[in-house]
Amino acid sequence: MNIDDLTPKEVVTELDRYIVAQNDAKRAVAVALRNRWRRQQLPPDLLDEVAPKNIIMMGPTGVGKTEIARRLARLTASPFLKVEASKFTEVGYVGRDVESMIRDLVENGIQLVREQRVQTVKVRAERAAEDRLLDLLLINANIPGDASLEEKRRALKRPLRDGSLEDTEVEMEIDETRMPTLEMFTPQGTESMGVNFKDMFGGMFGKKKSQKVMTVGEARRILISEEEDKLIDNSQVETEALKRVQDTGIIFLDEIDKIAANQEGGSHGPDISREGVQRDLLPIVEGTTVNTKYGTVKTDHVLFIAAGAFHVSKPSDLIPEMQGRFPIRVELSALDSADFKRILTEPENSLIRQYTELLATENVTLVFTGEAIDAIATVAAEINKSAENIGARRLYTVLEKLLEDISFDAPDRAGDVYEVTEGTVHAVLDPLVSDRDLARYIL
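Presented here is an overview of the structure given in this document.

About the criteria used
Residues numbered from 1 in each chain as written. Predicted model: local features only at pLDDT ≥ 70, side-chain atom pairs only at ≥ 80, totals over all residues. Heavy atoms only, no water. Helix = DSSP H or I, 4+ residues; strand = E, 2+ residues; numbered from the N terminus. Buried < 20%, exposed > 50% of the residue type's maximum accessible area, 1.4 Å probe, protein only. Contact = heavy atoms within 4.5 Å. Salt bridge = Lys/Arg side-chain N within 4 Å of Asp/Glu carboxyl O. Axes fitted to C-alpha atoms, helices over the stretch in contact; angles between N-to-C directions. Parallel < 35°, antiparallel > 145°, perpendicular 65-115°, else oblique. Left-handed = near helix turned anticlockwise from the far one by under 90°. Nonpolar A, V, L, I, M, F, W, Y, C, P; charged D, E, K, R; others polar. Expected span 1.5 Å × (residues − 1). Arc of directions from axis to C-beta. Pairing = 2+ DSSP bridges. Phe/Tyr/Trp six-rings, centres within 6.5 Å; stacked < 30°, edge-to-face > 60°. Lys NZ or Arg CZ within 6 Å of the ring centre and 35° of its normal.

Let us now look at the overall build of the protein. A count of helical and extended segments in the protein gives 18 helices and 13 strands. For the protein, the residues scored as buried account for 42% of the 443 residues in total. In the protein, of all internal contacts separated by at least 6 residues, the share reaching a separation of at least 24 is 77%.

Okay, unusual backbone geometry next. We note that Phe310 has phi near 55 degrees; this positive angle belongs to a residue other than glycine. Tracing the backbone through its elements, the reader meets Phe310 in the loop between β10 (303–308) and α11 (320–324). Take Phe310: its relative accessible area is 10%, and that puts it in the buried class. In this model, Asn363 sits at a positive phi of 60 degrees, which is unusual for a non-glycine residue. Within the secondary structure, Asn363 sits in the loop between α13 (351–360) and β12 (365–368).

One pass over the full model with this rule turns up 27 salt bridges. The residue Asp131 makes a salt bridge to Arg153 at a minimum N-O spacing of 3.6 Å. In this pair, Asp131 is assigned in helix α5 (residues 100–140) and Arg153 in helix α6 (residues 149–161), connecting sequence segments 22 residues apart. Its relative accessible area of 35% is what places Asp131 among the partly exposed residues. Of the charged contacts in the structure, one is a salt bridge between Lys314 and Asp317, with a shortest N-O distance of 3.6 Å. According to the relative accessible area criterion, Lys314 is partly exposed, its value standing at 39%. Among the residues examined, Asp317 registers a relative accessible area of 4% and is labelled buried. When salt bridges that share partners are traced, they join Arg132, Glu226, Glu227 and Lys230 into one network.

With their axes 9 Å apart at the nearest point, helix α14 (residues 370–386) and helix α17 (residues 422–434) run at an angle of 15 degrees to one another. Judged by the inter-axis angle, α14 sits roughly parallel to α17. Our pair here, α14 against α17, has a crossing hand that is left-handed. Two secondary-structure elements touch here, α14 through Glu371, Ala372, Ala375, Ile376, Val379, Glu382 and Ile383 and α17 through Glu422, Val425, His426, Leu429 and Val433. Split into classes, the residues belonging to the contact of α14 with α17 amount to eight nonpolar, one polar and three charged.

This part takes up helix α8 (residues 216–231). Here α8 spans 22 Å end to end across 16 residues, near enough to the 22 Å set by a 1.5 Å rise per residue. Every buried residue of α8 is accounted for by Val216, Gly217, Ala219, Leu223, Ile224, Glu227 and Glu228. Each buried residue of α8 sits inside an arc of 165 degrees when the element is viewed along its axis, so together they form one side.

Let us look at the pairing of strand β8 (residues 289–292). Side-chain alternation along β8 places Val290 and Thr292 on a buried face and Thr289 and Asn291 on a face that remains uncovered. Of the strand pairs in this sheet, β8 and strand β9 (residues 295–298) are connected by four bridges, and their pairing is antiparallel. By the bridge assignment, Thr289 is partnered in β9 with Lys298. Hairpin geometry of β8 and β9 is characterised by an intervening segment of two residues between the two adjacent antiparallel strands.

Okay, the pairing of strand β7 (residues 250–254) next. Burial within β7 is extensive, with five of its five residues counted as buried. For strand β2 (residues 80–84) and β7, the ladder comprises five bridges, and the chain directions are parallel. Considered in β7, the bridge of Glu84 is made with Asp254. Pairing between β7 and β10: four bridges, direction parallel. Paired with Leu253 across the strands is Ala306, a residue of β10.

This paragraph deals with the packing of aromatic side chains. Enumeration according to the criterion identifies zero aromatic pairs in this entry. The positively charged end of Arg34 is found above the aromatic ring belonging to Trp37, 4.0 Å away from the centroid. Over the ring of Tyr18 we find Arg71; its NZ or CZ atom is 3.9 Å from the centre of that ring.

Quick look at the structure:
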């Protein structure tokens, strides 16, 4: 969807299709998104002066913080990255440096742009792949010899298109390119050095070709991919991706509270390292230039959405400079049984719909009564109160336990209708809910 067409009200309406409650957070991200469009309408002398208004979301786990940011990025086709602030370490320590988040965002942006370009050339790539498949099939085709080449191709084209030749084997030459890579190994994973060896050494390593026997279905996938590569200009993809990252990129910085030093205990020990991570993050959030293997990226207009539970610390425990770069604070409320009921039924991807469709693949009709949905929501809310509050994620554990038997037996019950009633919910879950110690391990 085009950002130009989205007003804040329309953004909130779109988010309401997938996320229940949390209207304050939806309004905040909707305004931030609209401000991006407003900035692009400014005259050149003001365009670079307007900085994004970054957001801090405060709330317990499982209330929709990540989903709001993810849906916002998907809504506008913006490059998006979710990263945990606690995975970074201060410069000089073993660990991951903060600039890696920008490199990862660029990779996501390139993948996003490439997927969009693939859609525009998909039909042409499929036609070209079909022509190459016909050539492969003609080699082994059992067609009268007096038929012309064009007649042979026409004779094969119809069965090829209707799928009756998918299991036919063909022999095809494929490339086996082996490019060396250089990576830095860190406790959190691997870091790309940002060196493009393909460009540096050109054809030094060459391409090894080999003959492989495979089915038409497998060959079709490989040929379509090769044709897409021919039709897509990678340099244009990289240029557009870098521009999108700089203008519309969104970074969701989770667990920001984990790097906030608790002022009550003073700044010592691990608190010093936490402040070091904040100071390393600060230039990225304020706006700096980061080198990537695709070119330099300016972070001045990347939108940062930070989130944390803030059970122990609070936003004011962040260093003052960091607080100033996140001027918008939004508190997300904990979810109750009424919210759980809405989550089960209202969103387009509601949990009830997900489980119903999953069992429908086994030809089993799953039906929930209204009373059963009320009971599921009530049980999930009660467990969140008595045990750790994990928000809407509790519904997954409750539903998995409730549907455990039918999920196991579904292949043998094709054609059956399985109704979940209030009695079913209480019969399965009440023994677990009444035993708190057992509920902690199972629910």
